[in-house]
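Now for the letters of each chain:
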Amino acid sequence: MMEGHAQGDDELQFIRVPETSVSNQASGQTPYAPMGAAPASGPPPPPAGDALAFIKQSRHPVAAAFHFVFKALAIFFYLFGGFFSSNFVFICVVCILLLAFDFWTVKNVTGRLLVGLRWWNNVRDDGSNEWVFESVENPGEIHPADARLFWTGLYVTPIVWSVFFLVALLKFSVQWLVIVFVALVLSGANIVGYYKCSNDQKKKVQNVVQGAAFKTAFGLGTSAVQSFISSTFGQQQQGGGNAEGPHGPPSHV
């Protein structure tokens with residue numbers, strides 16, 4: 001019996017747990033980890049396709065959300081408005097109002113906040129159009145997530161309405177073509193305005209870069225000329241002083 005008991009004790013191996021780890025577990029803290037062990041990972045990052053998480057990365061999440069809200073509502077009511085009302089006039093009015101809200105928001109709010117651009121078109125007395133553009137002086141202030149959200153929403157929306165235009169055209173649904181036509185006109189106006197505005201911003205950036213390069217080159221050239229002149233005249237003065245030293249006029253006693 002003693003041998004069997006001793007053999008059983010030899011087979012059993014006990015692990016001594018430090019008291020610090022037990023107290024940490026009891027207090028809800030992270031247990032002790034030996035050196036070299038990988039730390040416990042935090043909560044997993046949000047998936048790449050999560051639109052809400054992507055909008056939260058923006059510096060202006062409210063503006064980024066409203067950049068898509070009216071677009072999504074107009075498309076939703078265009079597709080499923082028949083479930084809420086059988087009156088086409090009511091559906092048409094709601095869709096056009098949502099499209100108008102989206103046009104005004106993109107033109108005056110989200111473009112200025114997300115990409116630092118703003119445009120408008122003035123009609124002169126003679127009937128000619130005058131395009132006016134505003135852009136941020138330092139493009140580096142624009143957050144990449146804001147710019148990606150803005151240009152994605154701006155260019156994807158007319159593609160979706162173009163698909164609706166083809167479907168309505170194939171079905172000969174003339175009344176639905178009215179809504180699609182208004183959507184394409186308003187979204188197309190914003191695309192043209194911001195495209196010209198971005199080109200104007202690129203020209204301003206190029207002018208700034210060229211001006212800075214010219215100033216730098218001019219400063220380097222001026223400093224090189226000044227150093228050359230100073231070194232040349234310095235050598236001449238030094239040579240003249242050495243020449244007058246040994247062969248100078250005799251001193252009078």
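Preceding block: the structure.
Residues numbered from 1 in each chain as written. Predicted model: local features only at pLDDT ≥ 70, side-chain atom pairs only at ≥ 80, totals over all residues. Heavy atoms only, no water.

This part takes up the nonpolar core. Ranked by size, the top nonpolar core spans 18 residues in total, and within it Y78, C95, W161, F164 and I179 carry the most contacts. For this core, the elements supplying multiple residues, two or more each, are α4 (61–80), α5 (88–114), α6 (144–170) and α7 (174–244). The greatest single-element share of this core, amounting to six residues, is contributed by α5. Ignoring any residue separated from it by four or fewer positions in sequence, one finds I179 in contact with Y78, F88, C92, C95, L99 and W161. A64, L114, L117 and Y194 belong to the second largest nonpolar core, which has 15 residues in total. (Core = buried A, V, L, I, M, F, W, Y, C linked by side-chain atoms within 4.5 Å. Buried < 20%, exposed > 50% of the residue type's maximum accessible area, 1.4 Å probe, protein only. Helix = DSSP H or I, 4+ residues; strand = E, 2+ residues; numbered from the N terminus. Contact = heavy atoms within 4.5 Å.)

Here the focus is empty space enclosed by the protein. This model, assessed by the stated rule, comprises two cavities of 30 Å³ or more. Space inside the largest cavity adds up to approximately 70 Å³. In terms of lining residues, the largest cavity is bounded by K71, A74, I75, L99, D102, F103, T157, W161, A183, L186 and S187. Secondary structure elements with two or more residues in the lining of the largest cavity: α4, α5, α6 and α7. Here the lining of the largest cavity is composed, by residue class, of seven nonpolar, two polar and two charged. Counted as a void, the second largest cavity has a volume near 50 Å³. (1 Å grid on protein atoms, 1.4 Å probe; cavity = no way out; pocket = protein on both sides within 12 Å on 5 of 7 lines; lining within 4 Å. Points joined across faces, edges and corners; volume = space filled by probe spheres on them. Nonpolar A, V, L, I, M, F, W, Y, C, P; charged D, E, K, R; others polar.)

Honestly, that's just the spatial picture; any functional story needs more than this.
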